[in-house]
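A closer look at the structure
Letter by letter, the chains look like this.
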Amino acid sequence: MALEERARSCLLRFRHRLEQDIKPSYLMDHMISDGVMTVDEEEKIRTKPTRKDQSAALLELLLMKDNRAYISFYNSLIKESYDDLAHLLREDLPSIFCEAHKSSSDSATSYVQTVLSEGGVPQRPVVFVSRPELVNRVREKLYWLQKDPGWVTVFGMAGSGKSVLTAEAVRHHGLIEDCFPGGIHWLAIGQLDKPDLLVKMQSLCFRLEQSLDSQTLSRPPNSLDEAKERLRFLMLRRYPRSLLILDDIWDSTVLKAFDIHCRILLTTRNRSLTDSVSGAKYEVGVQSGLDENKGLEILALYTKMKPHGLPEEARSIVRECKGSPLVVSLIGALLKDNPNRWCYYLRQLQQKQFKRIRKSSSYDYDALDQAMAASIEVLPDEHRELYKDLTVLEKDIKIPAKVLSVLWDLEPEEVEDILQEFVDKSLLFVDSHHKPYLYYLHDLQLDFLVEQNRTQLESLHSKVVRQYQQHYRDGPPTSGDEECLYWIRFLTYHMAKANLSQELYSLMFSLDWVSTKSQIMGPAHLINDYVEYGSILDKENSEVRSQFQEFLSQNGHQLEERPFPDVVQLALSQPHNSEVYRQARLQAQDRTSTGKLYFDLVNKSGVENLSRLVIHPHQGSIYSACFSHDGTKIASCGASKTLKVFKSTSGEKLTEIQAHDDEVLCCAFSPDDHLLATCSTDRKIKVWHTERAMLLRVFEEEHEEQINHCQFTNTTKRLLLATCSNDDCMNVKLWNLNKPSSQNTMFGHFAPVSHCCFSPDDSYLSTSSNDGTIKLFQVSSANEWKTINVRDLVAENDEEVLVKCSTWTGDGKLVICAVRNAVLVFDVETSEMLLEIRTSRLSTVQYCDACPTTNLLAIAFSNYTLELWDLEANKKMADCSGHLSWVQRVQFSPDGSQLLSCSDDQTVRLWETNKVHTSSAICLKRDSNVLFNGEEIVVSAADNCNRLQVRDGRTGSVLFQSEEKSSRIRCTCMCRQPSAVVLGQEDGTVQASGLTASHVLRMIGCRIRRLLTSYRRLVLAVALCTGSVQVWRWQSGECKVLQGHKEQVRCFSLLSNSPNESRLLSWSFDGTVKVWDTETGEKLQDIEAHRGTILGCHVSPDGCLFATTSADKTAKLWHCESWQCAYTLNGHQDCVRSCRFSWDSQRLATGDDNGEIRLWSVKDGSLLKICCPDSKDGMDSLHGGWVTDLHFSPDNSLLVSTGGYIKWWNVEKGEALQTFYPTGSALKKVHVSSDFSTFVTIDNIGILYILQRVA
């Protein structure tokens, strides 16, 4: 693109003067920074002997360059204070994108208008003054985004016209066509908290997706992380080479949410915001005010006069406005209607009638106050009062006319006319791209209104509430439009500001409001309301406030799902004494009369949620989490390669850092909490400033393998950082942050070191290694003090022993280590082992931590739990369940009142130490058996201590408990007459327990998979892992062995429930079904049923058919007389895991591993319905997991299914009627009472659920 002719002529015309005055070295620095000159070109010019020769060479080079070089040269002159020379070039400034076939009129083409309108770019103001030099500078920077992503920052003070300038810069055909063919997308930000930011990002994602095929529309993202990833996908894949404009950014944390490697322009008051994000960065500064000529031009346009014809007062008005485009426009709008009031408005500006709101602010409050006061004064009296009502609006909030129609009790059309009057007088702004139009105040205008009406704020907010109550007396709006969103979002805000405490109590202590607001806005806004207005609500009833807040905290992840869950059903799991439960129970009873299904959790005491706070900070496993030393913050890191810091009280994120190039294995606070250290598998140690999220130091040369752990000293007296790694020899190091390399290397371990820990007084450092030892080093000298050989205490022969970690008691007298499935306690002085805590768990100890203030020890396990032990009493005090995967780390808070744990399940949980109870220690295994006898419910299952328990389901009382077994209990079954319970063990032992003493029935010597009793005939069938089934009478000891399967027997079933039935079906991993006579042991039939493993089988109630399901993705129906296949049922896309006949034998339900349930006609094998709930997301099963069990109601109208949760279905319509979400997941089976009113299941973390249908 060649230099424009008029620009070339200008350079030639003033060439001599430029050569005389400029200093090329200063100017070339700026031009190189702008990318219009190379370093080689600069070097050639610098070789010239004199400054004048250098100037001539620079101008000669400039004449061979393009328009961008001319503009860069012009800007360089301004920056180096050559204002007089810059003035000579100004009139001939080119438009950097002008070409022969494109003129400045391109900006008005329909193509540009369409692109900008679709992207939400604000229209050009009615009164518009061109600022070509600034517009061209913005366009010049945008040109650098043509090939690569990056950031352009337009910065300046409020009211300086950044937004108008930015909108004008992109209003150009050539720019859009050459650089951003994917479109221009505008998003107004302002001051936002996390929930509001999420709403903004959801809106942007919706807008971007709306332009695509409707089939690509998906549910709104539920979190900032998900919204960021959705936006990244849309901008990179669907809208490549598009520009995202973020208008009015206040906070770098907001900006990080848009750090998605795309092309972004932002307007802001703070030019340093982009320091926190990655990518190329360019800046354009906007001076704080217009120059005098531009200010006069605005006044001339409003008054329809020529600038040179304006009265002398015009210049004084511009000076009093300090060049603020906003204030000049306000005065211009007044003069438009009152052209003879120049002197009057000048006096208004010169008189200081209102005190400054914030003296330290960058706003021009004095000038604004006068302009605003004068603008409001000319309104009609009735309109002046209406404008005062706008004082109650929050900053950066746009509202539709309908909201003000309710507030003012006027017709919407009349309201729109009034608002247009405000817009015409620059008292209000309108977003005309949105339909319906949205109106908003600039924050300068709102600050003025608040200050002017400070004494009336309460009554103004009260008016809003009263008008809402009158208009929506029948219930809140639920339409989801802009008016509805405003009322649902801000009604509580207005009530609180109006001091209407009773109205606020009634609203927020209502389950209906919880349901309405969470469905429309999501749970985040609701939780914020309970936190923000907690002090008001607690005056009425702090307990009820806590109950509602706890309900939302525990169920927030469910309330974000679409389709939206039934809030009443969720609330029925709350404690019986909770106000949330009381309201839910009443509503459930009322709705059941209309055919709705609800289920009350009978055994609520067994489902106690012990964790105070659950945080989901990362996508991926969390390897480390730690408290700050003041206890107010928590840091976490893991597989996501990020470091996050959040509040320990609420989980609100404070900082997020892309910390390493690989997994971050550990993080640690310095003793003053100003610093954070991280270490990683990338072999680097990094030290960060906690508040500024700024990298201070990197140590990357000395460790040659992954660094497993890092820890600061406990005091600042001598600040050191310890690290340990997988290096063979130099694997423990001490770092002084003021030195570029390690201060000391501690030698002694010749195998990887997994953990290091300072003693409380920082005298010693304990290290835990794969060589089976703990070593104690003196910190001052870095010499080894002593070695504790753990391997000799726990291993036989030359077994490898990995010591996972070590921790010190608060007094520094004991050191404790984790090894295998045990925790060992040693005396520091004598190295003598004082205590061994060896759990009965079939899992390893991952970590342990001693409480700094008490005798408690926390132990983390690979089987998803953590335990609290009293070291002095050698007694387990609590067993905390809730994690859904390995617990990687535990730590007490500095005062010992709280405990945090982090896990591979991507969560950090906080526990209150004094609120976890030993009653929570018992959890059950999912292989269970249940007997229903009227109102009585009896449950048998093995517990986590490998004991068989028989419980009263309603009361939770233990009816029978066996001794702890040495071999794992694999299965259990019960019979009524005689009353007995039988268990089968891993080692092949079958044991029966009845009303008399327990006794071993038989030692089979092979792992048992399944037990089945035929109650009246006292027959027990046992499935073995060898592929055989044994059937025997337990009293006589008579036994039949059914041998024939080539692989393990998956399960078996009698062909009917008849007392005389002797035929047994068995199915196996070998794909066959076999029919046996249990009396003779004879094999009656051998059916090659499927090509894959048979996963399920069921016999029809009439005994005519049986069904099989298989890993080959098919189900089959078989005749019981001919043993021939009647129908093959195709259609499932995954393994078909379960099946069940209806009680009338007319339908068959099948469920697969993708969560899909299909209903088939038994008569002809045709597909009747597909029960398919909406997917939570593209990666999740439709049922939250495999469909593992199915049951029809006695009248065959309902179906219940289990997977990740329990669902009830309308059989005729195939529609979901209700869902119950357990705390855990992966339900194996649901036991159903004969009247279909009671349902019993156990989840994967051992919680028993007994659900009773609400009548």
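Per-chain numbering applies: the sequence of each chain, read as written, is numbered from 1 onward. Reporting of local features is limited, given that this is a predicted model, to residues whose pLDDT is at least 70; pairs of side-chain atoms are given and counted only at 80 or more, and all residues count toward the totals for whole chains, interfaces and linings. For the side-chain quantities, the full set of heavy atoms in the structure was used; hydrogens and water were omitted.

1. Notes on the overall build of the chain
The following threshold applies: Helix and strand definitions follow DSSP, with helices as H or I runs of at least four residues and strands as E runs of at least two, each counted in order from the N terminus. Throughout this description, buried means an accessible area under 20% of the type-specific maximum (1.4 Å probe, protein chains only), exposed means over 50%, and partly exposed covers the range between. Any two residues having at least one pair of non-hydrogen atoms within 4.5 Å are treated as being in contact.
When you go through the chain residue by residue, the secondary structure sums to 32 helices and 68 strands. Taking all 1255 residues of the chain together, the buried fraction comes to 57%. Here the contacts in the chain between residues at least 6 apart in sequence split such that 53% fall between residues at least 24 apart.

2. Looking at the packing of helix α4 (residues 39-46) against helix α5 (residues 51-63)
Between two packed helices, both the angle of their axes relative to each other and the distance between the axes serve to describe the pair. Rule in force here: The convention used is that axes are lines fitted to C-alpha atoms, helices contributing only their stretch in contact, and that angles between N-to-C directions extend from 0 to 180 degrees. The residue classification treats Ala, Val, Leu, Ile, Met, Phe, Trp, Tyr, Cys and Pro as nonpolar and Asp, Glu, Lys and Arg as charged. All others, Gly included, are polar.
Orientation of α4 relative to α5, taken along the N-to-C sense of each, is 145 degrees, at an axis distance of 8 Å. Contact with α4, carried on its side by Glu41, Ile45 and Arg46, involves Gln54, Ala57, Leu58 and Leu61 of α5 and no other residues of that element. Here the contact of α4 with α5 is composed, by residue class, of four nonpolar, one polar and two charged.

3. Quick notes on helix α7 (residues 83-90)
Our working rule: This arc is taken over the directions from the axis of the helix to the C-beta atoms.
Looking at α7, one finds that the buried residues are Leu85, Ala86, Leu88 and Leu89. Projection of α7 onto a plane perpendicular to its axis shows the buried side chains occupying an angular sector of 150 degrees, all on one side. Turned more than 90 degrees off the buried face of α7, the exposed positions are Asp83 and His87.

4. Some words on a negative patch on the surface
The following threshold applies: A patch consists of residues exposed above 30% relative accessible area that lack any salt bridge, with like charges linked at up to 9 Å and nonpolar side chains (Val, Leu, Ile, Met, Phe, Trp, Tyr) linked at up to 5 Å. For the area figures, the Shrake-Rupley method with a 1.4 Å probe applies, and any residue is considered shielded solely by the protein chains shown. Within this document, salt bridges are pairs made up of a side-chain nitrogen of Lys or Arg and a carboxyl oxygen of Asp or Glu, the two lying within 4 Å of each other. Neither His nor the chain ends contribute to the count of charged residues, in which Lys and Arg are positive and Asp and Glu negative. Positions of charges follow a simple convention, taking NZ of Lys, CZ of Arg, CG of Asp or CD of Glu.
Taken together, the side chains of Asp409, Glu411, Glu413, Glu414, Glu416 and Asp417 make up a negatively charged region of the molecular surface. Its location among the elements puts Glu411 in the loop between α21 (401-408) and α22 (412-424).

5. Focus on the nonpolar core
We count it as follows: As used in this record, nonpolar core signifies buried Ala, Val, Leu, Ile, Met, Phe, Trp, Tyr and Cys residues forming a set joined through side-chain atoms within 4.5 Å.
Formed by 74 residues in total, the largest nonpolar core has its most connected members in Leu390, Trp408 and Phe422. Take this core: its biggest share by element is nine residues, from helix α25 (residues 482-497). Beyond its immediate stretch of four places on either side in the chain, Trp408 contacts Leu386, Asp389, Leu390, Val415, Ile418, Leu419, Phe422 and Lys463. Ala7, Ala69, Ile71 and Leu77 belong to the second-largest nonpolar core, a separate cluster that totals 30 residues.

6. Quick word on the environment of Asn726
What counts here: Here a polar contact is taken to be a pair of N or O atoms separated by no more than 3.5 Å, where protein atoms must pair a possible hydrogen donor with a possible acceptor and residues adjacent in sequence count only if both atoms sit in side chains.
Summarising the element assignment, Asn726 is placed in the loop between β20 (721-725) and β21 (732-735). In this structure Asn726 comes out as partly exposed when scored by relative accessible area, which is 24%. Note: C-alpha distance between Asn726 and Asn708 (18 residues apart in sequence) is 7.3 Å. Excluding residues within four positions of it along the chain, Asn726 makes contact with Glu705, Gln706, Asn708 and Pro752. There is a polar contact of 2.7 Å between the side chain of Asn726 and the side chain of Asn708.

7. Details of the packing of aromatic side chains
How we decide: Stacked, tilted and edge-to-face are the three classes assigned to paired rings of Phe, Tyr and Trp, where Trp is represented by its six-membered ring and a pair needs centres within 6.5 Å; plane angles under 30 degrees give stacked, over 60 edge-to-face, the rest tilted.
Taken as a whole and judged by the stated rule, the model has 22 aromatic pairs. Look at Phe599 and Trp1208: their rings are 3.8 Å apart centre to centre, the planes differ by 15 degrees, and that puts the pair in the stacked class. Separated by 609 residues along the polypeptide, Phe599 in strand β9 (residues 599-601) and Trp1208 in strand β64 (residues 1206-1210) bring together distant segments of the chain. No difference in accessibility class separates Phe599 from Trp1208, as the two residues are buried. Their ring planes at 85 degrees and their centres at 5.3 Å tell us that Trp1208 and Phe1239 sit as a pair that is edge-to-face. Residue Trp1208 is found in strand β64, and its partner Phe1239 is found in strand β67 (residues 1238-1242); the two are separated by 31 residues along the sequence. The residues Trp1208 and Phe1239 share a single accessibility class, namely buried. Pairwise contacts between aromatic rings join Tyr468, Tyr472, Tyr486, Trp487, Phe490 and Tyr493 into one cluster.

8. Quick word on the sheet that holds strand β55 (residues 1105-1110)
Selection criterion: DSSP bridges decide pairing: two strands pair if at least two such bridges lie between them.
Across the sheet, four strands lie side by side as β54-β55-β56-β57; this open sheet has antiparallel pairing. If you trace the sheet from one side to the other, it starts and ends with β54 (1094-1099) and β57 (1125-1129), each paired once. Sheet twist, expressed as the average angle between the axes of neighbouring strands with direction ignored, equals 15 degrees.

9. Considerations on the sheet that holds strand β4 (residues 263-268)
Strands sit in the order β2-β3-β4-β1-β5 across an open sheet of five strands; the sheet is parallel. Taken across any chain shown, the strands that pair with only one partner, and hence form the sheet edges, are β2 (184-190) and β5 (280-285). On average, adjacent strands in this sheet sit at an angle of 20 degrees to one another, irrespective of strand direction. Sheet topology note: the strand β1 (residues 150-155)/β5 ladder contains six bridges and is parallel. Residue pairing across strands places Gly150 opposite Ala280, the latter belonging to β5.

10. Here we look at the side chain of Asn338
Within the secondary structure, Asn338 is located in the loop between α17 (325-337) and α18 (342-350). Polar side-chain contacts of Asn338 include one of 3.4 Å to the side chain of Tyr345. Non-local contacts of Asn338, meaning those with residues more than four positions away in its chain, are made with Tyr345 and Val378.

11. Regarding helix α27 (residues 511-521)
Here α27 has its buried residues at Leu511, Trp513, Val514, Thr516, Lys517, Ser518 and Met521. With a side-chain oxygen positioned 3.2 Å from the backbone nitrogen of Asp512, the residue opening α27 is Ser510.

12. What to know about the pairing of strand β19 (residues 707-712)
Side chains on a regular strand alternate between the two faces of the sheet. Of all six residues in β19, six are buried; the element is thus mostly enclosed. In terms of strand pairing, β19 meets β20 through five bridges, oriented antiparallel. What sits directly across from Ile707, in β20, is Ser725.

13. Topic: the side chain of His1183
Positionally, His1183 belongs in the loop between β61 (1167-1171) and β62 (1189-1192). Polar side-chain contacts of His1183 include one of 2.7 Å to the side chain of Ser1201.

14. Looking at the pairing of β62
Burial along β62 is two-sided: the residues Asp1189 and His1191 and Leu1190 and Phe1192 are all buried. The loop that links β62 with its antiparallel partner strand β63 (residues 1198-1202) comprises five residues; one of these, Asn1196, has a positive phi angle of about 65 degrees.

15. Side note on the pattern of salt bridges
Taken as a whole and assessed by the stated rule, the structure comprises 48 salt bridges. A salt bridge links Glu168 to Arg171, with the nearest nitrogen and oxygen atoms 2.8 Å apart. By relative accessible area, Arg171 is classed as buried at 5%. A salt bridge links Lys463 to Asp389; the nearest nitrogen and oxygen atoms lie 2.7 Å apart. Pair noted here: Lys463 is in helix α24 (residues 457-471) and Asp389 is in helix α20 (residues 381-389), with a separation of 74 residues, a long-range link. A relative accessible area of 31% means that Lys463 is categorised as partly exposed. The network of salt bridges with common partners includes Glu4, Arg6, Arg13 and Asp92.

16. What to know about unusual backbone geometry
In this chain, Lys435 is followed by Pro436 through a cis amide linkage whose omega measures 0 degrees. When you line up the elements, Pro436 lands in the loop between β7 (429-431) and β8 (438-440). Positive phi outside glycine occurs at His261, with the angle close to 60 degrees. Relative to the elements of secondary structure, His261 occurs in the loop between α14 (252-256) and β4. On the basis of relative accessibility, which here comes to 56%, the residue His261 falls in the exposed class. Phi at Ala782 takes a positive value of approximately 65 degrees, unusual for a residue other than glycine. Taking the relative accessible area as the measure of exposure, Ala782 reaches 9% and is therefore buried.

17. Details of the packing of α21 against α24
We count it as follows: Geometric relationships in this document are graded by angle, where less than 35 degrees denotes roughly parallel, more than 145 denotes roughly antiparallel, 65 to 115 denotes roughly perpendicular, and other angles denote oblique.
One can describe the packing of α21 onto α24 by two numbers: an axis separation of 8 Å at closest approach and a directional angle of 95 degrees. It follows from the interaxial angle that α21 and α24 lie roughly perpendicular. Residue-level inspection shows Val406, Leu407 and Trp408 of α21 in contact with α24, the latter providing Lys463, Val464, Gln467, Tyr468 and His471. In terms of residue class, the contact of α21 with α24 is made up of five nonpolar, two polar and one charged.

18. So, the confidence of the model for the chain
Put simply, the test is: Confidence scores here are pLDDT values: one per residue, from the predictor, ranging 0 to 100.
Scored by pLDDT, the chain has a mean of 85; 89% of the residues are at 70 or more. Predicted confidence in the chain is weakest over strand β45 (residues 999-1003), with a mean pLDDT of 46, and strongest over β62, with 98. Here residues 995-1007 scores under 50 on pLDDT; set against residues more than four positions off or in separate chains, the count is 47 contacts. Every residue in residues 1175-1180 scores below 50 in pLDDT, and together they form six contacts with partners more than four places removed in sequence or on other chains.

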